[in-house]
Every structure is written in C-alpha cells, then in structure tokens.
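# Architecture at a glance
The lines below spell out each chain.
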Amino acid sequence: MGCCECSTASQKTWLLSLGAIILIISVALGGIWPGLSTRLIDHELMLQNGTENFVNWKKTPFPMYFEVYMFNWTNPHDINAFPKIKPHFEEVGPYVFQEVRERVDIVFDKNGNSVNFNQTRNWHFRPDLSGNLKLSDKITNLNTICATITWNMRYLPAWERRIANELYLEMACDLTKTAKVGQLLFDGYNDPILILLKAIKQRFPSLKINIPFDKFGWFYGRNGSASHDGRMKIRTGRDNIYRVGLMQMWNKKNHTDMFGGECGHVYGTTGELWPPMKENRTHDEITMFIVDICRALTLKYETNVTKFDVSGIKWAGDESMLDGKDCYCLAAKCPDPLLKRGVFNASTCQFGSPAFMSYPHFYLADESYRENVSGMKPNKTRHQMYVSLEPKSGIPLEIRARLQINLMLTPDPTSKIYKHVPNILFPMFWFNQVADITPELAAKAGVMETVKVAGMWTSYVLAAIGATLLLVGIKMAVTSFDENDNLRQQDDESPILHDRLEEQSAPQANEERRNDDTE
C-alpha cells in the first residue's frame, strides 16, 4: 500500500519519523564531514607511495621553462675611461629551455616521516619559443675564470700576486671573453687558463678556487645530472601535514657551512612542493631553499590572486630579501664595504668566483649599481620574484623565480690587465624560472575545496528536508487535534441545545393544546 493510501495517523507517523531520521543524519554528517574530508585530503597531500602529491612531486606534472637573458658588453675597450664612459650592456634573450625535474634514488625513513632523494634536471632548448635567437649567438662579457682567479688573489701579498700575474695570468688571461650562448650556459668552453689553474693552486694553496670541470659554463655538467643538486631530505607530512615538503637536510647536513650562524641553516621548501597553510596563517612569510645559491630566500605576502578560477595568494621578494645579514658577510671585515642594498655575495656557492646575486637589472637594489653601468631597465612586472599558491593544498599556481648573476670586477695594481679597471658590479645574465598550473591541475585543486564544501552543503540540505518534514508532520498533528477537539465540543453541546429547543417549543405546544380544548 502506498503512503498516499495510508490513514492520516499513519501519514503523520511517517512524516515525523522520516523527518527526525533525516535531521539526525544531517547533524551527524555536519559533525563528522569536516574532519573526515580533511583526513582524506591530507592523505593525498602526503608524500607516500600512491598519493596524488607523491606522483606530482616525483616528476613535475606541469610545464616548466627556464628563460635566460644574456648581457652583451658592447664597449669593453672603454673600460679604462670609466666613469666618463660607463660599461654598456644590451640584453639578449630570452633563450628558452623546457625543463623537466624528476626525483630519483628515493628512500623513505623507517618511520615514514621523511624522504631522501636526488633530483635530475633536464633542459631542452626551445627555438620555437626563443624567437630568432640561437645557441650559436655570440656574447661578450667579463672573462669569468680570470676574474675569479684575480678575485681570490686579492688578499695575497703583493709580491705573490705579481708572480702569479707574470707567470700565469698575463699569458693566458684576457679581460673579456666572447663565446657562444650554448657554451656559456650548458656546453662549456675550453680555456687555457683551466690548464694552468692546477699549477696555480699548487703554487698558492690558500686560494679558494675549486672548479671541478675541464670546461667552463655556468650550467656545465648539470643537464641530466643526478648528483649536482646534492642529496636532499624533506618531510613527508605523515606526522604533520603542515610540514610536508620542508627541507631537513642537504648533503646530509642541516647547515651548509657556506655561511655562518642562522644564514647557513637548511630550511624552507625546494620550491615546487609546498605545505598547506592554516586559515589564520595565510599572510605569513614563506621560504624556499635554493641549492644554486646555497641559502634560503624568504618571500612576503603581497596580494590575493585567481588562476583558472582557483583562489590563491601571491608572495613576492621585497627589497630586503637579498640584503646581507652579518652572517652572510664573506668579506675580511664586516659589514662588506662592497655590498649595498639588494645584493648578496654568493661566491662560496659558486666555486669561489666573485658571483653576487641580485634581482634582474638591479631591481630594488641600491641605485649606484645601475648608475655604474648603462643599459639597466628595472621593471616590477618583468623582474619581480614571486610565488602564487593555493593555500589550503599548497599547490603552486604561478612561479617566477628571477635572479641575476653579477661578477665583481676589482682592480689589481700588480696586474697589467686589471691595474686600471674600476671596482664595479658587472651584470652577466639573469634567468626566469617559469611554472604555471595547467587547467587540469587547477580543476583538481578546485575538487579538493569542493569535497569539503559539498559535504557541508549536503548536511544543510538534508537538515532543511528533515526540518520541513517534521514541520509538516507537526502541522498535520496539530490540525488533526483541532478537528477532533471541535467534534468533541460539538458532541458535548448537543444535549444542551436539545433541552433549549424543548424549552422554546413547550409554550407553543401548550397554547395549541388550549386552543384545541376551547374548540
């Protein structure tokens, strides 16, 4: 028998019972869903075999590009006329390489809270994205190897520097070097000074030069290497999901020995994997450890963003990110008189070369760096370093890792080559690490939030249905009660009405009887 054929009493019972059951289910769902959905999502964010985050972390799932902009020195013959004639640089680029990162030799700790790994980076030149540029294009700039040797000899006694210059450097060195872009970046080039470097090291063991290659190129020997970036250890998030991806060790140490004190600590993420953030901590600073410069960089909250309908937060490097704390000072006397705002010394991480890092075109750096050279055009849109993340999952929406490598040119009165050169910072090239989330990955990020919201909305809808059924049942019960009460009241009033009718009809009956008797 269908419910529509039930008696009124049965219908009331069904409505009240069903409404109560649905309401109880909605309350239970609303109570357990937030915790249950969080556990489900957190499990997928952990670095464990089979989880979504592990698959994406093991091999980068979205396209990454490495854009390189070279600085071509157009007037090296005027170097001795400084400051009347400034070194002029023309930016050439971008030379675009597609990059694929993969984690290899993965070993989990016994408790599963940490994972150890190496990573490979493979770069493939994309001429279709590089315009008319070719890796055979030639660029002129400072001779990096000779500048490195001269830089490292600056604290030697004058007589030792004079011997080194006369016996080695002046025979093999030039102030400038012209080479193909491919050689300057990945292929490397042969230089006679590399052959003499071993002899120089034996003669002057105090020099901190350690170029372990037979060729020189800024990224020579790195393409496809599983060892260059070192051995890393990060948290899996198993014990605390808010720590997933955070660095614990690099090359089996939690301190780099490149810098002193807190500046040498290994911390932050590797840049591609980020932990979720608590709702009340989304404006906190975020930090990533960059193996290329052997230190961590801290980005600060800037604004909220949206990418493919996914809400995110943008953190950016400000004017203080590259400022050198006292523990970043590598000079004989600190603070380093050569350093001003927006530049830090990375020489210990670059085989002893006089490498100094800044934002591209000395963006946000002290004005003097730009004023000493010609051709710098700092621009926030093109040169700002930033990371945009979906905060609840830590999924990167946009990455723009932009840094510039500069060489410090220093005069040496014992050298014919460097005797009259100015003490200025030379821009060599800058790079832009580009990564954008794909629409497919953005949809997955949106699903995570939908899972949390859908359960709660389901509980709200069920609560509304249950409450409606209860109200309808209660109304039916009240209505039925009122009808029965009216019927009972009518039954109670019937004898009284009968008596009143009899009383009203009695005089009339008596009058009729009297009339009958008279007749």
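So, here is what we can say about the structure in this document. (Residues numbered from 1 in each chain as written. Predicted model: local features only at pLDDT ≥ 70, side-chain atom pairs only at ≥ 80, totals over all residues. Heavy atoms only, no water.)

So, on to the state of the cysteines. According to the stated counting rule, one finds two disulfides in the structure shown. Covalently, C146 is tied to C173 through a disulfide, its sulfur atoms 1.8 Å apart. Across the S-S bond of C146 and C173 the torsion is about -100°, and the bridge reads as left-handed. Residue C146 is located in helix α3 (residues 144–152), and its partner C173 is located in the loop between α4 (158–172) and β5 (176–180); the two are separated by 27 residues in the primary sequence. With relative accessibility at 0%, the residue C146 sits in the buried group. By relative accessible area, which is 5% here, C173 ends up buried. Put simply, C294 and C349 are joined by a disulfide, and their sulfur atoms are 1.9 Å apart. Across the S-S bond of C294 and C349 the torsion is about 70°, and the bridge reads as right-handed. Separated by 55 residues along the polypeptide, C294 in the loop between β8 (286–290) and β9 (295–307) and C349 in the loop between β11 (344–345) and β12 (355–358) bring together distant segments of the chain. The burial state of C294 is the same as that of C349; both residues are buried. (Disulfide = S-S within 2.5 Å. Helix = DSSP H or I, 4+ residues; strand = E, 2+ residues; numbered from the N terminus. Buried < 20%, exposed > 50% of the residue type's maximum accessible area, 1.4 Å probe, protein only.)

Strand β1 (residues 64–73) sits mainly inside the fold: nine of its ten residues count as buried. Bridging between β1 and strand β2 (residues 89–108) involves nine bridges; their strand directions are antiparallel. Looking across to β2, one finds that F71 is bridged to E91. Where β1 and strand β15 (residues 424–436) come together, seven bridges link them in antiparallel fashion. Within the sheet, the bridge partner assigned to M64 lies in β15 and is A435. (Pairing = 2+ DSSP bridges.)

What follows concerns the pattern of salt bridges. On inspection of all chains with the given rule, the structure shows 24 salt bridges. A salt bridge links E272 to R103, with the shortest nitrogen-to-oxygen separation between them at 2.3 Å. Here R103 lies in strand β2 and E272 lies in the loop between β7 (247–250) and β8, a separation of 169 residues in the sequence. Per residue, the accessibility class of E272 equals that of R103, and both read buried. One salt bridge connects R222 with D229, and the closest N-O pair in it is separated by 3.3 Å. As far as the burial class goes, R222 and D229 line up, both buried. One network of salt bridges, in which partners are shared, links E99, R101, R103, R121, R222, D229, E272 and D292. (Salt bridge = Lys/Arg side-chain N within 4 Å of Asp/Glu carboxyl O.)

Attention shifts here to unusual backbone geometry. Across the junction of F82 and P83, the peptide omega takes the value 10°, indicating a cis bond. Mapping P83 onto the fold places it in the loop between β1 and β2. The residue after G93, namely P94, is reached through a cis peptide bond having omega 10°. Assignment of secondary structure puts P94 in strand β2. The phi angle at K252 is positive, at roughly 65°, despite the residue not being glycine. Looking at the element boundaries, K252 is found in the loop between β7 and β8.

One pass over the full model with this rule turns up 27 aromatic pairs. Measuring from ring centre to ring centre gives 5.5 Å for F66 and F431, while their planes differ by 35°; the resulting arrangement is tilted. Pair noted here: F66 is in strand β1 and F431 is in strand β15, with a separation of 365 residues, a long-range link. Over the aromatic face of W151 sits the side chain of R154, whose NZ or CZ is 3.6 Å from the ring centroid. A cation over a ring is seen here: K278 above Y242, with NZ or CZ 5.1 Å from the ring centre. (Phe/Tyr/Trp six-rings, centres within 6.5 Å; stacked < 30°, edge-to-face > 60°. Lys NZ or Arg CZ within 6 Å of the ring centre and 35° of its normal.)

A separate point is the packing of α4 against helix α6 (residues 192–203). For the pair α4 and α6, the least separation of the axes is 10 Å and the interaxial angle reads 160°. Taken together, the axis directions place α4 and α6 in an arrangement best described as roughly antiparallel. Both α4 and α6 take part in a crossing whose hand is right-handed. Between α4, through W159, I163, Y168, L169 and A172, and α6, the contact on the second element is made entirely by P192, I193, L196, A199, I200 and R203. Of the residues contributing to the contact of α4 with α6, the split by class is ten nonpolar, no polar and one charged. (Axes fitted to C-alpha atoms, helices over the stretch in contact; angles between N-to-C directions. Parallel < 35°, antiparallel > 145°, perpendicular 65-115°, else oblique. Left-handed = near helix turned anticlockwise from the far one by under 90°. Contact = heavy atoms within 4.5 Å. Nonpolar A, V, L, I, M, F, W, Y, C, P; charged D, E, K, R; others polar.)

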